[in-house]
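Geometric and topological summary
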Amino acid sequence: MKMTAAFFLAAATSMAAADPGRLVVIGDSITQATAGATNQNGTRSYRWELFRRLHDAGLAFDFVGSHSRGYTTNDTQPDDATNPYVPTHRGIPFDRAHEGHWSWRAFQVSGASAGPTAGKRGSGDITTWTDPAKGGYRADTATILLGINDIGESTPRTSTQVTNDLAVIVRALQTANPSVRVHLCELLHVAPGHAQYPTINTRADALNGLLPALGTALSTASSTVTAVEMRNAQAGGWEAATMTYDNIHPNSAGERYIGGRIADALGAVSLWTALPLVNSGFETGFTGAGTTACKPNGWTIFGTPNPAAVPKGLTDVSIVAESPADTGTGNAGSSYIIAGAADTGIEQTLADTLQPGRRYMLRAMMYKASSAAGPGDYGLELWAAAQRTA
């Protein structure tokens, strides 16, 4: 069994924000993400984290966009509930419609020139995407995280050039819907291992500094345009060294962070309160690497792990593409695999007492790690004292 996360959540009440309605998420590779591994753990992009946050807040929304693919995906099935690669959250299939286009520049999204289409990157531009005569959408809310490729060119575009392109995109959204709410996300820093570090971060900071004024200039009486702070290199903020898998694209921790920042900007407040599960996402490491005692910190193994397939902690996006982590070496990641005799797995006991009248949700992302595993060979359970409740 492979498990990528496990959460115990308890119901709570809160004031809801305005419903996002038809929500378009516009960006480049960070928004599209690679989907070749979505049948396992791979990157689904921060859109998945945003999707979960909005649903947990009880908000009504519908992701819209000109396509629903990840970059270089081998998935040929439609984006619907029958697709085994599409995860679900509380029984709701991930809505993958989006406007993320791998390696695209802001000027390509704006329509100044065509963006590359190979690798299922999508096609078109903001004008065609929002043209009702061409089946376009009318977004109620839009988020835009775009520009890092522009300032990373061999001859980089200036901050003014990029903001001018962003303005074209915003005005097209406003033409389609004069009441659209637009959120301009700050560009994210790259990690020290990036070829253009630290120069590109300096350029990003310069562009980010222009976003608040750009939002003010583009806002109208019916359409608000605001900047979303990503808190680069701040305590508790975006940290590229630990939140990317290749110095620029977010790993699972980075996706969770970006999705969370955007969800906060949209006013999403969860209706659920997390119970204090230790190391719930397996992000704080493992002990006993390479042995049958390998386990996520804070968890306990029960049963009899198979010594021929010792438990392992796996790194982000390493599950399909073999890496040293898959052979029991390398750094701890956010996934865990365990196999063994019947009733073998990991568990954790919480001090909290289940309370009558409250709804509880046990949430996890799991999948079988072997074609030999069949129905009933893996699962998830919640117990209260000696009674199984889920």
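This text follows the structure it describes.
The rules behind each value
Residues numbered from 1 in each chain as written. Predicted model: local features only at pLDDT ≥ 70, side-chain atom pairs only at ≥ 80, totals over all residues. Heavy atoms only, no water. Helix = DSSP H or I, 4+ residues; strand = E, 2+ residues; numbered from the N terminus. Buried < 20%, exposed > 50% of the residue type's maximum accessible area, 1.4 Å probe, protein only. Contact = heavy atoms within 4.5 Å. Areas by Shrake-Rupley, 256 points an atom, 1.4 Å probe, with all protein chains shown as cover. Axes fitted to C-alpha atoms, helices over the stretch in contact; angles between N-to-C directions. Parallel < 35°, antiparallel > 145°, perpendicular 65-115°, else oblique. Left-handed = near helix turned anticlockwise from the far one by under 90°. Nonpolar A, V, L, I, M, F, W, Y, C, P; charged D, E, K, R; others polar. Pairing = 2+ DSSP bridges. Core = buried A, V, L, I, M, F, W, Y, C linked by side-chain atoms within 4.5 Å. Expected span 1.5 Å × (residues − 1). Phe/Tyr/Trp six-rings, centres within 6.5 Å; stacked < 30°, edge-to-face > 60°. Salt bridge = Lys/Arg side-chain N within 4 Å of Asp/Glu carboxyl O. Polar contact = N/O pair within 3.5 Å; in protein donor to acceptor, adjacent residues only side chain to side chain.

Before going further, it helps to spend a moment on the overall build of the protein chain. A count of helices and strands for the protein chain gives nine helices and 19 strands. Expressed as a percentage of its 390 residues, the buried residues of the protein chain come to 50%. Contacts spanning at least 24 positions in sequence make up 71% of the contacts within the protein chain whose residues lie at least 6 apart. For the protein chain, the exposed area adds up to about 17100 Å²; of that, 53% sits on carbon and sulfur atoms.

So, on to the packing of helix α5 (residues 159-176) against helix α6 (residues 199-208). Packing of α5 against α6 leaves a shortest axis separation of 9 Å and a crossing angle of 50 degrees. If you check the angle between α5 and α6, you find them oblique. Viewed along their axes, α5 and α6 form a crossing whose handedness is right-handed. In contact with Ser-159, Val-162 and Thr-163 of α5, α6 contributes Arg-203, Ala-206 and Leu-207. Taken together, the residues that form the contact of α5 with α6 break down as three nonpolar, two polar and one charged.

Regular strands place side chains that alternate from one sheet face to the opposite one. Among the five residues of strand β8 (residues 181-185), four are classified as buried, and the element is accordingly described as predominantly covered. The pairing of strand β7 (residues 141-145) with β8 spans four bridges and is classified as parallel. Within the sheet, the bridge partner assigned to Ala-142 lies in β8 and is Val-182. Both β8 and strand β9 (residues 225-228) contribute to a ladder of four bridges, which runs parallel. Looking at the pairing, Leu-184 lines up with Ala-227 of β9.

With that out of the way, let us pick up the nonpolar core. If you look at the biggest cluster of nonpolar residues, it comprises 64 residues, and the most contacted ones within it are Phe-63, Ile-144, Leu-173 and Ile-258. Counting residues per element, this core draws most heavily on α5, which supplies seven residues. Apart from the residues within four sequence positions on either side, Ile-144 is in contact with Ile-26, Leu-166, Ile-169, Val-170, Leu-173, Val-182, His-183, Leu-184 and Cys-185. Listed in part, the eight residues of the second largest apolar core include Phe-282, Cys-294, Trp-299 and Ile-338.

With 18 residues, α5 extends 26 Å between its outermost C-alpha atoms, agreeing within 8% with the 26 Å of an ideal straight helix rising 1.5 Å per residue. Within α5, the full set of buried residues consists of Ser-159, Val-162, Thr-163, Asp-165, Leu-166, Ala-167, Ile-169, Val-170, Ala-172, Leu-173 and Gln-174.

For the structure shown, the criterion picks out nine aromatic pairs. Aromatic pair Trp-104 and Trp-129: ring centres 6.1 Å apart, planes at 20 degrees, arrangement stacked. Remark: Trp-129 occurs in helix α4 (residues 126-129) and Trp-104 occurs in the loop between β6 (99-100) and α3 (106-110); sequence separation between them is 25 residues. Accessibility classification places Trp-104 together with Trp-129 in one group, the buried group. Summarising the aromatic geometry, the rings of Trp-238 and Tyr-257 are spaced 6.1 Å apart at their centres and angled 45 degrees between planes, so their arrangement reads as tilted. Of the two residues, Trp-238 is situated in the loop between β9 and α8 (240-243) and Tyr-257 in helix α9 (residues 252-265); the sequence distance between them amounts to 19 residues. Given the relative accessible area of 1%, Trp-238 is considered buried. Aromatic ring contacts, followed pair by pair, group Trp-48, Phe-51, Phe-61, Phe-63 and Phe-94 into a single cluster.

What follows concerns α9. Count 3.6 residues to each turn of an α-helix, and residues three or four apart come out pointing the same way. Relative to the 20 Å expected for 14 residues at 1.5 Å per residue, α9 spans 20 Å between its end C-alpha atoms, a close match to the ideal helical length. The secondary structure elements touched by the buried residues of α9 are α1 (29-32), α2 (46-56), β7, β8 and α8. Immediately downstream of α9, the backbone of Gly-267 shows phi near 80 degrees, a positive value.

Any two side chains of opposite charge can pair, so long as their charged atoms come close to each other. Enumeration according to the criterion identifies seven salt bridges in this entry. We note a salt bridge from Asp-264 to Arg-53, for which the minimum N-O separation is 2.8 Å. Taken together, the positions of Asp-264 in helix α9 and Arg-53 in helix α2 put the pair 211 residues apart, joining distant regions of the chain. Among the residues examined, Arg-53 registers a relative accessible area of 24% and is labelled partly exposed. When salt bridges with common partners are traced through the structure, they connect Asp-150, Arg-157 and Asp-165 into a single cluster.

Here the focus is the packing of α2 against α9. At a minimum axis separation of 7 Å, α2 and α9 run at an interaxial angle of 45 degrees. When the axis of α2 is compared with that of α9, the two are oblique. Crossing of α2 over α9 shows right-handed handedness. Residues Tyr-46, Glu-49, Leu-50 and Arg-53 of α2 pack against Glu-255, Arg-256, Ile-258, Gly-259, Gly-260, Ile-262, Ala-263 and Asp-264 of α9. When its residues are assigned to classes, the contact of α2 with α9 shows five nonpolar, two polar and five charged.

The next subject is the environment of Tyr-378. Among the secondary structure elements, Tyr-378 is positioned in the loop between β17 (360-367) and β18 (383-384). Taking the relative accessible area as the measure of exposure, Tyr-378 reaches 34% and is therefore partly exposed.

Let's shift gears to the side chain of Asp-140. The residue Asp-140 is located in the loop between α4 and β7 in this model. Here Asp-140 falls in the buried class, since its relative accessible area comes to 19%. Of the polar contacts made by the side chain of Asp-140, one reaches the side chain of Asn-177; its length is 3.4 Å. For Asp-140, the residues in contact, after removing those within four places along its chain, are Pro-20, Gly-21, Arg-22, Asn-177, Ser-179, Val-180 and Arg-181.

Attention now moves to the environment of Asp-150. Position of Asp-150 among the secondary structure elements: in the loop between β7 and α5. Linking Asp-150 and Phe-107, residues 43 residues apart in sequence, is a C-alpha distance of 8.1 Å. What Asp-150 contacts, discounting residues up to four positions off in sequence, is Arg-105, Ala-106, Phe-107, Pro-156, Arg-157 and Val-162.

Geometric values such as these leave the question of function open.
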